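Residue-level listing of the chains:
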Amino acid sequence: PRAPRINPSILAADFVNMQADLARIATADFAHVDVMDNHFVPNLTFGPQMVERIQATSPIPLDVHLMITEPERWAPEYAEIGAASVTFHLEAASDPVALARRLRDIGSRAGIAVKPATPVDSLFEILDEFDQILVMTVEPGFGGQSFMPETMPKLEALAAEARRRGSRVWLQVDGGISDRTIEIAAAAGADTFVAGSAVYGADDVEAAVTRLRDLARA
Ligand code: DX5
Ligand code: ZN
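You'll find the protein chain entered in an unreviewed UniProt entry as Ribulose-phosphate 3-epimerase, with Microbacterium aurugineum given as the organism. Entered under Sequence similarities (unreviewed entry) in the UniProt record, the comment concerning the protein chain runs "Belongs to the ribulose-phosphate 3-epimerase family." UniProt, in its Catalytic activity (unreviewed entry) section for the protein chain, records the words "D-ribulose 5-phosphate = D-xylulose 5-phosphate".

Rendered as structure tokens:
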């Protein structure tokens, strides 16, 4: 089986001690970077200038999650900065396949995300256009919310479809992932786990990453 990936979300980091908080997640797989525009979601974080500095500072590759309208206008810039992975929302994209191809051409992994209420069936035919599919397990916009188990059938369907097609696409979950919920998502087929409060809220951040990885593997 594939080793589970743990991607701490720096939304839960201390924004004015970002360098130190990035250093604390050096043993994790990717630093998850939540870009919010106050249009696609009712919250605002940071843009390319900040992400460029995070890219220059992070000990691990970046997993950028764009919660923005008009991803066509912004997503390529994050790939050009050097983000290893750039994920945009299906609900916001006018031509998801074209955008994914652009991101791959620039050299980043291409990801597509769906909100809890968005069906995933339309992705089955185009699975191979993406390197990862993010099934949101909370309504996007804020950290610290409760995991929504009703999103698990979508993950199961994607995992079954990926198996059937021999696809190597990564299946990511984001929102409310903790010691108490990560096994549920892993059992449903997730292999890549975003965790904000569960990592940065822990006394020992490195131990929290290791524990989550072990639970996801079990
Ligand atoms: C929410 C963001 C998440 C958030 C997760 O819209 O996409 O990445 O940081 O935070 P937790 O793990 O605290 O639910
Ligand atoms: Zn996120």
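## Overview of the overall build of the protein chain
The number of helices and strands found in the protein chain is eight helices and eight strands. The C-alpha atoms of the protein chain give a radius of gyration of 16 Å, which matches the 17 Å a tight globule of 218 residues would have. The burial tally for the protein chain puts 47% of its 218 residues in the buried class.

## What to know about the packing of helix H3 (residues 71-81) against helix H4 (residues 96-106)
At their nearest, the axes of H3 and H4 sit 9 Å apart, and the two run at 20 degrees to each other. Judged by the angle between their axes, H3 and H4 are roughly parallel. Between H3 and H4 lies a crossing of right-handed hand. Facing Pro71, Glu72, Ala75, Pro76, Ala79 and Glu80 of H3, the residues of H4 in contact are Leu99, Arg102, Leu103 and Ile106. Considered class by class, the residues forming the contact of H3 with H4 number seven nonpolar, no polar and three charged.

## Re H3
The complete set of buried residues in H3 reads Pro71, Ala75, Tyr78, Ala79 and Ile81. Down the axis of H3, the buried side of the element spans an arc of 160 degrees, and every buried residue falls inside it. Directly after H3, the chain includes Gly82, whose backbone phi takes a positive value near 115 degrees.

## Some details on the nonpolar core
Judged by nonpolar contacts, the single largest core of 66 residues is most densely connected at Val64, Val86, Phe88, Ile133, Ala185, Phe193 and Leu212. Here this core gets five residues from one element, more than from any other, and that element is helix H8 (residues 205-217). Beyond its immediate stretch of four places on either side in the chain, Val86 contacts Val64, Leu66, Ala75, Tyr78, Ala79, Leu103, Ser108, Ala110 and Gly111.

## Side note on the sheet that holds strand E2 (residues 31-36)
Taking strand neighbours across the sheet as the criterion, the eight strands line up as E1-E8-E7-E6-E5-E4-E3-E2 in an open arrangement whose pairing is parallel. A single partner strand is all that each edge strand has here, and the edge strands are strand E1 (5-8) and E2. On average, each strand axis in the sheet is inclined to that of its neighbour by 25 degrees, with strand direction left out of account. In this sheet, strand E5 (residues 109-114) lies alongside strand E4 (residues 85-89) in parallel orientation, the contact comprising five bridges. What sits directly across from Thr87, in E5, is Gly111. With respect to the sheet, helix H5 (residues 152-165) is in contact with strand E6 (132-136) and strand E7 (170-174), its orientation differing from that of E7 by roughly 170 degrees. Packing of H8 onto the sheet brings it into contact with E1 and strand E8 (192-195), and relative to E1 it is tilted by some 140 degrees.

Calculation criteria
- Residues numbered from 1 in each chain as written.
- Chains lettered and ligands numbered in written order.
- Predicted model: local features only at pLDDT ≥ 70, side-chain atom pairs only at ≥ 80, totals over all residues.
- UniProt positions renumbered as here; feature names shortened; annotations may be inferred.
- Helix = DSSP H or I, 4+ residues; strand = E, 2+ residues; numbered from the N terminus.
- Rg over C-alpha atoms; globule rule 2.2 N^0.38 Å.
- Buried ≥ 20, exposed ≤ 12 C-beta atoms within 10 Å, placed from the backbone.
- Axes fitted to C-alpha atoms, helices over the stretch in contact; angles between N-to-C directions.
- Parallel < 35°, antiparallel > 145°, perpendicular 65-115°, else oblique.
- Left-handed = near helix turned anticlockwise from the far one by under 90°.
- Contact = placed C-beta atoms within 7 Å.
- Nonpolar A, V, L, I, M, F, W, Y, C, P; charged D, E, K, R; others polar.
- Arc of directions from axis to C-beta.
- Core = buried A, V, L, I, M, F, W, Y, C linked by C-beta atoms within 7 Å.
- Pairing = 2+ DSSP bridges.

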